[in-house]
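# Topology and contacts: notes
Residues per chain, in single letters:
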Amino acid sequence: MFNRLSTADGLNSNKINCIWQDKKGFFWIGTENGIQRFDGKKFVTFRSDGLDNSMPPIGVDQILDAGNGRFWLRQGRNIGLYDPLSFKYFPVSVLSDNKSTTNWDPTLFKDSKGNVFLYNIGSNLMCFDKTSNAFSDKKLPIKIPEKWLVNYLYEDVEDNKYYICSNKGIAVYNANTQELNFDNLNHDKKSNPGLSGFKFVYNFYIDSKKTWWIFYWDTQPRNEAYVVSHINPETGVLIDNVSAKLVDNDRHEQFDWIFETNDDQLWIGGVNTLLNKDEINHTFIQNNKSFKAEFDINCRVIKQMFEDRENNLWFCTDNGLYVIGNDQKSVFNYVFENGYNDDLLINSILETNDLESWISVWGKEIQVFDEHFKKQDVNLYKGLKDDYLKMSWSLCQHSSSGLIWAGCQNGNIVVFEPKAKKAIHVLNPPGIQMASVRQIIEDKKGDLWFGAQNGKLFKWNKGDKIINQNFKVVNDFNAAIFCLYIDSLDRIWIGTRKRGVFVLDSTGTKELFHFFDEEDNGSKQFSNNVYDIEQYNDSIFFVSNGLLNILDINSQKVKQLSQYDGLPGTNVSKLIKDKEDILWFTCNNGLGSFNYKKNIFASYTNKNGFAYAEKPAYAKFKMQNGEIWFGGENSLYGFVPEELSPKSTPFNVTLTDFKLLNKFIPLDSLMAYKKVYLKPDQNTFTIYFSSLSYSQQDRLLYYYKMDGINNDWIRADQEHAAKYTVLPPGDYTFNVKCVNLQGEESSSITSLSLIVLPQFYQTWWFIAMALVVICAITYFIYRQHINKILAVELIRNKVARDLHDDIGSTLSTINILSSMAKSKMNTDPVKTSSYISRITDNSQQMMEAMDDIVWSIKPDNDSMQKIVARMREYASGILETKDIEINFNVSEQVLSLKLNMEARRDVFLIFKEAINNIAKYSLCTKAEMSLRYQNQKLIMKIEDNGIGFNVDLADGGNGIGNMRKRAESLNGIIEIKSKEKEGTTVILNLPVNM
């Protein structure tokens, strides 16, 4: 049975040239449109992007293992190495003095020693030279006859011999002795008697029995043909042969290759040919038939055959990729042919005590098969003319008598003697009322129970005569009885149409339970159409009603399982439990199984060898050897459940693809790193995975979880993918495993470490820096606050000191002078007047000092305009009373300066002291004052044309000393220039920023 994969399944072309499986289990498929990777479920195309190290954008004809994860690619006559990890292609040159004129493409061949050969029909043999990175015919590791053009090369690994095939015959090179034998130079003719007489040899093979298969072209006139001769190498005697004529049955046939499977089955294929050896009958069976059935191989050319690690057989053809599943060894299909368009319905299956199979086929009587399932030519209905007797619904062999009972249409019952193959009783009990007898079952006492279309349940007791009068109606359910079942306690279960399930005692008269949905509105938990019943243990029963129901008889609760619970399809009908407690059932998607203990479903389709399992099933039977059989429309199928259910540990899961946003990333390259680092904007991705098992894909469950995100394992959907969106920054480990039908997990969990990098503002250094900045700002604000407090405190202390120094001393002086004036008022009026004058002067000075203090601390006076205005006002008030001409110059830059309170006060006091000295001591007629800003300095210059003084001889009184101290406190320099009779100049240089 051949299953076809085509473009509808994901292939990029139906013209398949080659297939190869790597060590991981991936299939690599060469097509006319390039190369694809297949994980058993989906195809991924590797396209040529036209850049450097890109494979040629043409078809792939051959794939060969090159080691280190690489493989050889042959694309027509282009040879190269491909690295699937980096997606890079490395072309390899072909160096040969002999330019082949043949139209045949070359062939790559790798021997057991790692040598890679290249040959072409009618061309020199070449070998790959790593030093020159080219194929050359100069340094061959084996010997070939001189001037021989090689058609084919074969290595006998066990004997360490090479067989060189050519148009001139076959040569043998012994690598141990380095001897070369062929027709014209045969050093040991006795050891190679089968070499002689063959020409135009293009293929050679030694099978597991050590016999030879020689492919050659028979050139006899009018008898040209491709011939395969099977030779005994020890005697040279022909064992058998097969030939394909150039024209046979209006189609060209050609033998191109031979393949032997791991279980020693031989296949030969090519053009319009696919033969497999029947070892029992010593014949070849043609599988590429002229008239195709549904599951036959349908193609013209078969280019390659391949056996994978699960022993599935793959065929590369010009019409898709065909596969024969290894499961087919335990599956048997039988199709009933009908000359009419009407379907043949299998209503009942029965294996007799003599291991015969009796099949009730609606419209074709009961078919009888022997123990090897070969149809017997018998007529069970000899002498019976009523056609309704041939329309049987159910079959049952009575355990004690061995008679076979058949329930038929119109209330008929026919009893057969199986050995004599004839009907011995024809019955129509009156109580049935001509209703079809749909079900027959035997209880533990040997009594037979019958269920009719009209709902009647009737009984025949063991030991009674087989006559109509001995059939008694026990119960009436007023609905068609679809199934009867006797449980371990001898209770009778009745599955009906639209009335649910009835459970009766062993007498059939007392109703113990009734499971029924009264609403029957489509939203019910339990459908009332019951097709089959199967007991699991003392309390659990399985009930089919289109879906699968688990009925607990003790709690009287029903749990319905649907596709949301893993049920592989709908229209569940027939149920059978095998000896390992696995439930097998039929549904619209094929055969299904259910492991109740592990809560695991599995599905089986034509991929597993079941030709028509998706069609409705009406019959079931478990054979004495444990085989399970189901029958439905036109066909029946059987299988060995223990062989169909894998017992071995499933393959470890392989991560197949990594899709970042909507772009696939090479996962092999990612897996080369211990951890995969993702940028902050790469936190949405999908991880695909597979066990890389074609046979088990539909019978495995996948579970995954992301450490750091998922606490429990999540069951994967049919896409076999895990999707994560907007994953927060952090370290993660993705884990995935698979579980088979028996609940056995893969030997190890496949993991992938991921690190999603944070945004820069989420990094530790940024957070630390931000904290430092926040702390610095907080500290700065705090210090500013403290500085303001200190500044206020400083001002208060300054004001207090000034008040104490200036105002306090002045008030003390006034107080003393007042006391002295008071004491001298009557005795010395002149002194008193002098004291009062001094009191007046001190009061004036105190008022001025007080005014200076208030002016200096007032914020409105911070601008230079206010300072300059006060200077003008003070100078005018002092000097104009002395008839001194004033000239006051201020540059515009000065007006934009700002001085703090201390600087403003000290500058003004220096100015004030200089003005006072001019008024008191200079005797000048003219005074000039200027303020300018130059080289980031405020320069204040005050000069007069007075009498001057000798600076060196000055006593350094408080006035000049205070001026110098104030200049120093401002980090400034004050310079006093004066000469007698030449006036005085005071220059203040004060550093100030704009």
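Residues numbered from 1 in each chain as written. Predicted model: local features only at pLDDT ≥ 70, side-chain atom pairs only at ≥ 80, totals over all residues. Heavy atoms only, no water.

## Quick notes on the overall build of the protein
Convention followed: Where helices and strands are cited, they refer to DSSP runs of H or I of at least four residues and of E of at least two residues respectively, numbered from the N terminus. When checking whether two residues touch, look at their non-hydrogen atoms; a contact exists if any pair is within 4.5 Å. Throughout, the Shrake-Rupley method with a 1.4 Å probe supplies accessible areas, and for residues the shown protein chains are the sole cover considered. Counted as positive: Lys and Arg. Counted as negative: Asp and Glu. His and the chain ends are not counted at all. By convention, charge coordinates are those of NZ in Lys, CZ in Arg, CG in Asp, or CD in Glu.
A count of helices and strands for the protein gives eight helices and 69 strands. The principal-axis extent of the C-alpha atoms belonging to the protein is close to 180 × 95 × 45 Å. Sequence-distant contacts in the protein: of pairs separated by 6 or more residues, those separated by 24 or more amount to 52%. On the protein, roughly 49200 Å² of surface is accessible, and the fraction owed to carbon and sulfur atoms is 49%. Across the protein, the centroid of the 111 positively charged side chains sits 4 Å from that of the 121 negatively charged ones.

## Regarding the nonpolar core
The condition that has to hold: For our purposes a nonpolar core is just a set of buried Ala, Val, Leu, Ile, Met, Phe, Trp, Tyr and Cys residues, chained together by side-chain atoms within 4.5 Å. Remark: exposure states derive from per-residue accessible area (1.4 Å probe, protein chains only) relative to the maximum for the residue type, with buried under 20%, exposed over 50%, and partly exposed in between.
Core analysis: the biggest nonpolar cluster contains 39 residues, and Met-871, Phe-911, Ile-915, Met-929, Leu-938 and Met-940 have the highest contact counts within it. Elements with a contribution of two residues or more to this core: helix H5 (864–879), helix H7 (901–922), strand S66 (926–934), strand S67 (937–944), helix H8 (958–969), strand S68 (973–978) and strand S69 (984–991). Of the residues forming this core, the biggest block, nine residues, is contributed by H7. Judged by nonpolar contacts, the second largest core, of 28 residues, contains Val-172, Ile-214, Val-228 and Ile-231.

## What to know about the sheet that holds S68
Quick note on the threshold: For two strands to be treated as a pair, DSSP must find no fewer than two bridges joining them. Between N-to-C directions, angles cover 0 to 180 degrees, with each direction set by a line fitted to C-alpha atoms, over the stretch in contact for helices.
Judged by pairing direction, the sheet is mixed, and its five strands sit side by side in the order S65-S66-S67-S69-S68 without closing on themselves. Two strands lie at the open edges of the sheet, namely strand S65 (885–890) and S68, each paired on one side alone. Mean inter-strand twist for the sheet, computed between neighbouring axes without regard to direction, equals 10°. With eight bridges connecting them, S67 and S69 associate as antiparallel partners. Looking across to S69, one finds that Leu-938 is bridged to Leu-990.

## Thoughts on the UniProt feature "transmembrane region" (unreviewed entry) in the protein
The line we're drawing: UniProt positions are given in the numbering used here, feature names are shortened, and annotations may be inferred rather than shown by experiment.
Taken from the UniProt record, the annotation "transmembrane region" (unreviewed entry) applies to residues 763–782. Taken end to end, residues 763–782 comprises 95% helix and 0% strand; its first and last C-alpha atoms sit 28 Å apart.

## Regarding the sheet that holds strand S53 (residues 617–622)
Sheet strands associate in pairs through backbone hydrogen bonding, adopting either a parallel or an antiparallel arrangement. Ordered in space as S29-S55-S54-S53, the four strands form an open sheet in which the pairing is antiparallel. Strands at the two margins of the open sheet, each flanked by one partner only, are strand S29 (331–335) and S53. Geometrically, the sheet is characterised by an average inter-axis angle of 15° between neighbouring strands, direction not taken into account.

## Digging into H7
Formally: Here the expected length of a helix is defined as 1.5 Å per residue gap, with one fewer gap than residues.
Helix length check: H7 (22 residues) gives 30 Å between terminal C-alpha atoms against 32 Å at 1.5 Å per residue, within 8%. Counting buried positions along H7 yields 17 of 22 residues, so the element is predominantly enclosed. A positive backbone phi angle near 55° is found at Leu-923, which sits one or two residues after H7.

## Looking at the pattern of salt bridges
Selection criterion: Within this document, salt bridges are pairs made up of a side-chain nitrogen of Lys or Arg and a carboxyl oxygen of Asp or Glu, the two lying within 4 Å of each other.
Tallied over the full model, the rule gives 25 salt bridges. Of the charged contacts in the structure, one is a salt bridge between Lys-289 and Asp-296, with a shortest N-O distance of 3.9 Å. With relative accessibility at 36%, the residue Lys-289 sits in the partly exposed group. Judged by its relative accessible area of 15%, Asp-296 falls in the buried class. Of the charged contacts in the structure, one is a salt bridge between Asp-731 and Lys-675, with a shortest N-O distance of 3.9 Å. Pair noted here: Asp-731 is in strand S63 (residues 730–739) and Lys-675 is in the loop between helix H2 (667–671) and strand S58 (676–678), with a separation of 56 residues, a long-range link.

## With respect to the packing of aromatic side chains
Note the cut-off: Stacked, tilted and edge-to-face are the three classes assigned to paired rings of Phe, Tyr and Trp, where Trp is represented by its six-membered ring and a pair needs centres within 6.5 Å; plane angles under 30 degrees give stacked, over 60 edge-to-face, the rest tilted.
Taken as a whole and judged by the stated rule, the model has 82 aromatic pairs. Between Phe-38 and Tyr-694, the aromatic rings sit 6.4 Å apart at their centres with planes inclined by 55°, giving tilted as the arrangement. Of this pair, Phe-38 sits in strand S4 (residues 34–38) while Tyr-694 sits in the loop between strand S59 (685–690) and strand S60 (701–707); the two residues are 656 residues apart in sequence, bridging distant segments of the chain. Each member of the pair Phe-38 and Tyr-694 is classed as buried. With a centroid separation of 5.4 Å and an interplanar angle of 65°, the aromatic rings of Phe-198 and Tyr-216 are classed as edge-to-face.

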